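Fold and contact review
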Amino acid sequence: MTNRLAYAASALLLVGANAHAVTVVPTTLLPDAVSYEYFGLNYADNVATSTAIGTLNYGGKPGCAGNCTATTALGPDPFVSLSVAELPYNGASGGFSHAQLYYYVEYDNSVAGSYLVDMAAHDILPSIVSGGEASAQAFLAFGRAAQPFNALHPQFLSSLVSETDCANRCQQGVGNYLSPSAFPALISVEMTANVPYLVELDVWIYADSIGTQFDASIDPTFSTKATGGSFAFSPGVTSAVPEPTGASALVAGVLGLVAVAATRRRRQAGDATRRVA
């Protein structure tokens, strides 16, 4: 009995491995993520920019009174974050800072169709007194990606999500700036399988001129209850390992039966030994 169960478990492991290999191969080679970081303090008298994924550190430079960093990050939890504190320099104050990240995501499945995907959207904006000089803004967009891909300026073919959250006031022309609101904790969207989608993350801070430290960030993640597929992302972006489903769960059940059978045989052997003694 134990040998038959072990053989079945081995066969199912091979089936599970082959099924998994089919679902993780992306249909489309997704382009690299694109980032932009900007500091334009003291009415842009002091400017620093970067288009490299990572952190642009403006700390210790003219106009910065504390932590001045703009970060774009990939990995299992892509995000953008911005920190800035400004003081007048050469009689000038004002200006703004910006962190932006584009990356691609695709839900690959051997069965064509649309699948419900949950995007957990989370943004953090500083507490700013209404009517003051400072303001902050976060923007999240998601939708079908335009093709052919533009390596420098990614474009949306169509938009499914366009969320704007503001502290104190919104800057014009960004998303639904006329009716901003906190991001929903969970945004459900339908993704067509094997089709590339684009994610855009932006944060802006318009600091005051008295050295107040302001921080902002956006941090979305993707998940689905659908089975038989997997997410593919731009290079450098990874997803969490999914819970065992389908064949994997069946393998786990069979292996459990193997363990039970082996334990039962050991107990029976022990009982027989005691009876002989």
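Everything below is about the structure printed above this text.
None of these values were measured; they are calculated from a predicted model.

The next subject is the pairing of strand S11 (residues 187-192). Burial of the side chains of S11 is restricted to one face: Ile 187, Val 189 and Met 191 are buried, whereas none of Ser 188, Glu 190 and Thr 192 on the reverse face is. Where strand S7 (residues 114-120) lies against S11, six bridges are found, and the strand directions are antiparallel. Of the residues in S11, the one forming a bridge with Met 119 is Ile 187.

As summarised here, the arrangement of the five strands in space is S3-S4-S5-S13-S8, forming an open sheet in which the pairing is antiparallel. Looking along the sheet, the strands with just one partner apiece sit at the ends: strand S3 (54-57) and strand S8 (123-124). Taken together, the five bridges between strand S4 (residues 69-73) and strand S5 (residues 79-84) define a ladder with antiparallel strand orientation. Within S5, the residue paired with Ala 70 across the bridge is Leu 82.

All right, on to the nonpolar core then. Counting residues in each nonpolar core, the largest one holds 49 residues, and the members touching the most others are Phe 39, Tyr 103, Val 105, Phe 142, Met 191 and Phe 222. Setting aside residues up to four positions removed in sequence, Val 105 forms contacts with Leu 30, Phe 142, Met 191, Val 195, Pro 196, Tyr 197, Val 199, Phe 222, Phe 231, Ala 232 and Phe 233. Residues Val 34, Tyr 104, Ala 145 and Leu 198 belong to the second largest nonpolar core, which totals seven residues.

It is worth spelling out the sheet that holds strand S14 (residues 221-223) at this point. Taken in spatial order, the three strands line up as S11-S7-S14 in an open sheet, and their pairing is antiparallel. Lying at the two open borders of the sheet, with one neighbouring strand each, are S11 and S14. Here the average twist between neighbouring strands, direction ignored, is 35°. Judged from the three bridges that link them, S7 and S14 form a sheet pairing that is antiparallel. Paired with Asp 118 across the strands is Ser 223, a residue of S14.

On to the pattern of salt bridges. Tallied over the full model, the rule gives one salt bridge. Residue Lys 225 is joined to Asp 118 by a salt bridge in which the shortest nitrogen-to-oxygen separation is 3.8 Å. Note that Lys 225 is positioned in the loop between S14 and strand S15 (229-233) and Asp 118 in strand S7, a separation of 107 residues in sequence. Judged by its relative accessible area of 12%, Asp 118 is buried.

Let's shift gears to the packing of aromatic side chains. With the rule as written, the count across this model stands at 12 aromatic pairs. Look at Tyr 36 and Tyr 38: their rings are 6.3 Å apart centre to centre, the planes differ by 20°, and that puts the pair in the stacked class. Take Tyr 36: its relative accessible area is 28%, and that puts it in the partly exposed class. Geometrically, the ring pair formed by Phe 142 and Phe 222 is tilted, given 5.6 Å between the ring centres and 45° between the ring planes. Taken together, the residues span a long stretch of sequence, with Phe 142 in strand S9 (residues 135-144) and Phe 222 in strand S14 at a distance of 80 residues. Among the aromatic residues, ring-to-ring pairing joins Tyr 107, Tyr 115, Phe 142, Tyr 197, Phe 222, Phe 231 and Phe 233 into one connected group.

Each value, and the rule that gives it
Residues numbered from 1 in each chain as written. Predicted model: local features only at pLDDT ≥ 70, side-chain atom pairs only at ≥ 80, totals over all residues. Heavy atoms only, no water. Buried < 20%, exposed > 50% of the residue type's maximum accessible area, 1.4 Å probe, protein only. Helix = DSSP H or I, 4+ residues; strand = E, 2+ residues; numbered from the N terminus. Pairing = 2+ DSSP bridges. Core = buried A, V, L, I, M, F, W, Y, C linked by side-chain atoms within 4.5 Å. Contact = heavy atoms within 4.5 Å. Axes fitted to C-alpha atoms, helices over the stretch in contact; angles between N-to-C directions. Salt bridge = Lys/Arg side-chain N within 4 Å of Asp/Glu carboxyl O. Phe/Tyr/Trp six-rings, centres within 6.5 Å; stacked < 30°, edge-to-face > 60°.

That's the geometry; what it means functionally is another story.
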